[in-house]
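Analysis of the macromolecular model
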Amino acid sequence: YQITQRADFFEEEVGLETTLKRPIINTRDEPHADPTKYRRLHVILGDANMSQVATFLKLGTTAMVLALAEDDAAKNNANGVTSTLASPVAAIRQISHDISLTSPLLLEDGRTATALNCQWELYAAASAYIESHGPDDVGGEVVAKEILHRWESVLAGLESDPMSMATQVDWVAKLRLLEGYRQKHDLRWGDARIRAMDIQYHDLRPERCLATKAGLETLVDDADAEVAMTEPPPDTRAYFRGKCLQRFAENIVAANWDSVVFETSNGSLRRVTMMEPERGTASHLEHIFDQCQDVDELLTALSN
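Just so you know, these numbers come straight off a predicted model, no measurement behind them.

Quick notes on the rules
Residues numbered from 1 in each chain as written. Predicted model: local features only at pLDDT ≥ 70, side-chain atom pairs only at ≥ 80, totals over all residues. Heavy atoms only, no water. Pairing = 2+ DSSP bridges. Helix = DSSP H or I, 4+ residues; strand = E, 2+ residues; numbered from the N terminus. pLDDT = per-residue confidence, 0-100. Contact = heavy atoms within 4.5 Å. Patch = residues over 30% accessible without salt bridge, like charges linked within 9 Å, V, L, I, M, F, W, Y side chains within 5 Å. Areas by Shrake-Rupley, 256 points an atom, 1.4 Å probe, with all protein chains shown as cover. Salt bridge = Lys/Arg side-chain N within 4 Å of Asp/Glu carboxyl O. Buried < 20%, exposed > 50% of the residue type's maximum accessible area, 1.4 Å probe, protein only. Axes fitted to C-alpha atoms, helices over the stretch in contact; angles between N-to-C directions. 1 Å grid on protein atoms, 1.4 Å probe; cavity = no way out; pocket = protein on both sides within 12 Å on 5 of 7 lines; lining within 4 Å. Points joined across faces, edges and corners; volume = space filled by probe spheres on them. Nonpolar A, V, L, I, M, F, W, Y, C, P; charged D, E, K, R; others polar. Core = buried A, V, L, I, M, F, W, Y, C linked by side-chain atoms within 4.5 Å.

1. A few points about the sheet that holds strand S2 (residues 25-26)
- Within the open sheet, the three strands sit side by side as S1-S2-S3. Their pairing is mixed. Edge positions in the open sheet fall to strand S1 (14-15) and strand S3 (42-43), since each of these has one partner strand only.

2. Let's talk about the confidence of the model for the protein chain
- The predicted model of the protein chain has a mean per-residue pLDDT of 90, with 93% of residues at 70 or higher.
- Scored below 50 in pLDDT, residues 1-11 shows 14 contacts in the model against residues more than four places distant or in partner chains.

3. Description of a nonpolar patch on the surface
- Residues Leu-41, Val-43 and Leu-66 make up a contiguous nonpolar surface patch of about 270 Å² in total accessible area.
- Tracing the backbone shows Leu-66 in helix H2 (residues 52-70).
- Residue classification places Leu-66 among the partly exposed positions, given a relative accessible area of 39%.

4. Focus: unusual backbone geometry
- Positive phi values are uncommon outside glycine, yet His-32 reaches one of about 55°.
- Among the structural elements, His-32 can be located in the loop between S2 and S3.
- In this structure, Leu-101 is a non-glycine residue whose phi angle is positive, near 60°.
- Turning to its location among the elements, Leu-101 is positioned in the loop between helix H3 (88-96) and strand S4 (105-106).

5. Observations concerning the pairing of strand S7 (residues 259-263)
- With respect to burial, S7 is a largely interior element, four of its five residues being buried.
- Where strand S6 (residues 252-255) and S7 come together, three bridges link them in antiparallel fashion. The partner of Ile-252 across the bridge, within S7, is Phe-262.
- If you look at the hairpin formed by S6 and S7, you'll find three residues sitting between the two strands.
- Both S7 and strand S8 (residues 269-273) contribute to a ladder of five bridges, which runs antiparallel.

6. Things to note about the sheet that holds S7
- A sheet is described by the order of its strands in space; here three strands give the open sequence S6-S7-S8, paired in antiparallel fashion. Lying at the two open borders of the sheet, with one neighbouring strand each, are S6 and S8. When the angles between neighbouring strand axes are averaged without regard to direction, this sheet yields 15°.

7. Details of empty space enclosed by the protein
- Tallying each qualifying case throughout the model produces one cavity of 30 Å³ or more.
- In this model, the largest cavity occupies a volume close to 50 Å³.
- As for the largest cavity, its lining consists of Ile-95, Asp-98, Leu-101, Thr-102, Ser-103, Leu-105, Thr-114 and Ala-115.

8. Comments concerning the layout of surface pockets
- Volume-wise, the second largest pocket comes out at about 710 Å³.
- Around the second largest pocket, the lining is made up of 17 residues, and of these Tyr-38, Thr-236, Arg-237, Pro-277 and Glu-278 lie nearest the centre.
- Looking at the lining of the second largest pocket residue by residue, the class counts come to eight nonpolar, three polar and six charged.

9. Quick word on the environment of Pro-233
- For Pro-233, the location among the structural elements is in the loop between helix H8 (222-230) and helix H9 (238-248).
- Put simply, Pro-233 and Thr-281 are 48 residues apart on the chain and 8.3 Å apart in space, counted from C-alpha to C-alpha.
- The residues contacting Pro-233, other than those within four sequence positions of it, are Ala-238 and Tyr-239.

10. Thoughts on the nonpolar core
- Met-64, Leu-148, Trp-151 and Leu-158 are the most contacted members of the largest nonpolar core, which has 25 residues in total.
- Sorting the residues of this core by element identifies H2, helix H4 (115-133) and helix H5 (141-160) as the ones contributing at least two each.
- Leave out the neighbours within four places in its chain, and Met-64 touches Ala-126, Ile-130, Val-138, Ala-144, Ile-147, Leu-148 and Trp-151.
- In terms of nonpolar packing, the next biggest core, distinct from the first, is built from 17 residues, Ile-252, Val-272, Phe-289 and Cys-292 among them.

11. Here's the deal with the environment of Cys-292
- Within the secondary structure layout, Cys-292 lies in the loop between helix H10 (282-291) and helix H11 (295-303).
- Distance from Cys-292 to Arg-247, taken between C-alpha atoms, is 9.8 Å for residues 45 residues apart in sequence.
- Those residues in contact with Cys-292, other than ones at most four positions away along the chain, are Arg-247, Phe-248, Glu-297, Leu-298 and Ala-301.

Here it is as structure tokens:
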């Protein structure tokens, strides 16, 4: 919502580049849905989180900040105004090197604030927003309450003792691992072994991943995660796509966000579009999948 207010914002924080300049938001016009109704803010700048708590907070706090922006409520926190960074991209780089959490960030009005100061202001604004507008836009009461609780807890922990967050915040967990190994073997920070561990922390192979040795708190157990690998969520169009892949994989030529292409029994191709993210759910289609034995029957039922 600030793009129309500041021309320099578009040049620095929003753009098409995804590799060299790394803006915060990529503007590629791919809504993956009905373009007359939807637009997508592709946030490309973010951590490769291994911590489930960090991932939960990244998505949850982003949802809350977007809700604030949509209702133009970000300027009205408990202190009257939410700080605006003078140069967000530069501030992100500055924050990424600041393990003390005390580096002053230049604000648009000439003042300075730390990253924690800015986070506390956003937290206050989000809390006030949920209190006044309700939690429906951020997953409902249970989810909103957990986001705010976790957000406050992590900020308080980082403020009092960053290392106390080693089971929840990735950079703290990684720092603890690397510092322990570095001291044990009397290594410098630039040592190749330290650099290798930096990457190996994010290795997705369980037997190689250092994050699995960091004692990170989990929110989802392995059994639920394994079920989610094969069972699509029932309340979005992913249900239709996932069930089609389960039942009729040999007849699927292509599947993406907004369509599935089938090969019928006579060799012709049929595309089924999914332009509405909240259609194609279990409530819409479960009875059809129960009745259909092959792709031809499915396509006929969908046409009726």
